[in-house]
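Given next are the chains, with one letter for each unit.
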Amino acid sequence: WRANFSVIQKETGFVNGLITVLHDITEQEKIEMERREFVSNVSHELRTPLTTMRSYLEALAEGAWKDENIAPTFLNVTRTETERMIRLVTDLLQLSRMDSREYELNTDFVDFVKMFDRIINRFEMSKSKNVEFIRELPHTPIYLEIDTDKITQVIDNIISNALKYSPDGGSIHFKLNLSEDEVVVEIKDTGMGIPPKNLDHIFDRFYRVDKARARSMGGTGLGLAISKEMINAHGGRIWAESVEGKGTSVFFTLPNNADEDGEWE
Ligand code: ADP
């Protein structure tokens, strides 16, 4: 439903009525609206790096290529923008594959604790910021049937965001809790946080809280949307909690469908 409100106002300025028109947006219309918005977003996201590149290439062609001080910088900008477009197109292809009906998970039976620990190690080895990693992981294996490539990508996305939005000297907590029928993963940072009104939208395609800032950090705005699709495909849920200026926690769940010995129920 979509509501349109019209205020009936007399010349004297008194409000003496309010008309509410409720429109029933059918599922089909909604899909069509989302599709149009998506195409418009994609076009905009591709146009921005292309126009930037065009102006730098024009400047180079008009003589800047001869200037040893300027040329390398200009070429670097065009390379960065090309890389952004490659990332964007890769993300778009992935979303498009997931949208199609043939989308299938390629699952394996793995110890999720070990897998999570290894991913954290990889980030800890290569991080360029002074951010402390704190792990609260169980000491016993938790066997899950998951598509390891896809879940690795989800965890990569969340950890890269946590690092991106963390200040120097911050910390990231990695928690893994097991309940009867699911595993709950929490990745908690001490970064800038997300305002409450933006919180639900961060899983939408192309949504960024601060567009300019997120773009300058190289984000496509698709990472969490892709993660959400992947977690949904596994029958899990993904959400975030945040306090502005204090930090953000991103949670996701995965169904735990094996018993303690790792045998299928
Ligand atoms: P991006 O490619 O921009 O990182 P994502 O889909 O991964 O796109 O995230 C969407 C937006 O959610 C980001 O642009 C950012 O505004 C916000 N966000 C995600 N994770 C965090 C975090 N840990 N702290 C603060 N903001 C975050």
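Residues numbered from 1 in each chain as written. Predicted model: local features only at pLDDT ≥ 70, side-chain atom pairs only at ≥ 80, totals over all residues. Heavy atoms only, no water.

Chemist: I tried to follow unusual backbone geometry on my own but got confused; where do I start?
Modeler: Apart from glycine, the bulk of residues carry a negative phi angle, and the bulk of peptide bonds sit in the trans form. With phi around 70°, phenylalanine 206 is a residue other than glycine that occupies positive phi space. Its place among the elements puts phenylalanine 206 in the loop between α5 (196–199) and α6 (211–216). Look at phenylalanine 206 and you get buried, because its relative accessible area is 3%. (Helix = DSSP H or I, 4+ residues; strand = E, 2+ residues; numbered from the N terminus. Buried < 20%, exposed > 50% of the residue type's maximum accessible area, 1.4 Å probe, protein only.)

Chemist: Would you explain the site of the ligand in this entry?
Modeler: As a structural note, the neighbourhood of the ligand is formed by 19 residues, with Asn161, Asp189, Thr220, Gly221 and Leu224 the closest of them. Here an oxygen atom of the ligand and a backbone polar atom of valine 209 are 3.0 Å apart. Note that an oxygen atom of the ligand is positioned 2.8 Å from one of the backbone N or O atoms of leucine 224. Surface burial for the ligand is 96%, taken as the share of its 530 Å² of free accessible area covered by protein chains. Here the shell around the ligand is composed, by residue class, of 9 nonpolar, 7 polar and 3 charged. (Near = heavy atom within 4 Å. Polar contact = N/O pair within 3.5 Å; in protein donor to acceptor, adjacent residues only side chain to side chain. Areas by Shrake-Rupley, 256 points an atom, 1.4 Å probe, with all protein chains shown as cover. Nonpolar A, V, L, I, M, F, W, Y, C, P; charged D, E, K, R; others polar.)

Chemist: How do you make sense of the nonpolar core when you look at a structure like this?
Modeler: Most often, soluble globular proteins have nonpolar side chains that are buried together. Ranked by internal contacts, the top residues of the largest apolar core, which has 47 residues, are Phe112, Phe116, Ile155, Leu176, Ile187 and Phe252. Setting aside its immediate chain neighbours within four residues, phenylalanine 112 contacts Ile142, Leu144, Ile146, Ile151, Ile155, Leu176, Val183, Val185, Phe252 and Leu254. (Core = buried A, V, L, I, M, F, W, Y, C linked by side-chain atoms within 4.5 Å. Contact = heavy atoms within 4.5 Å.)

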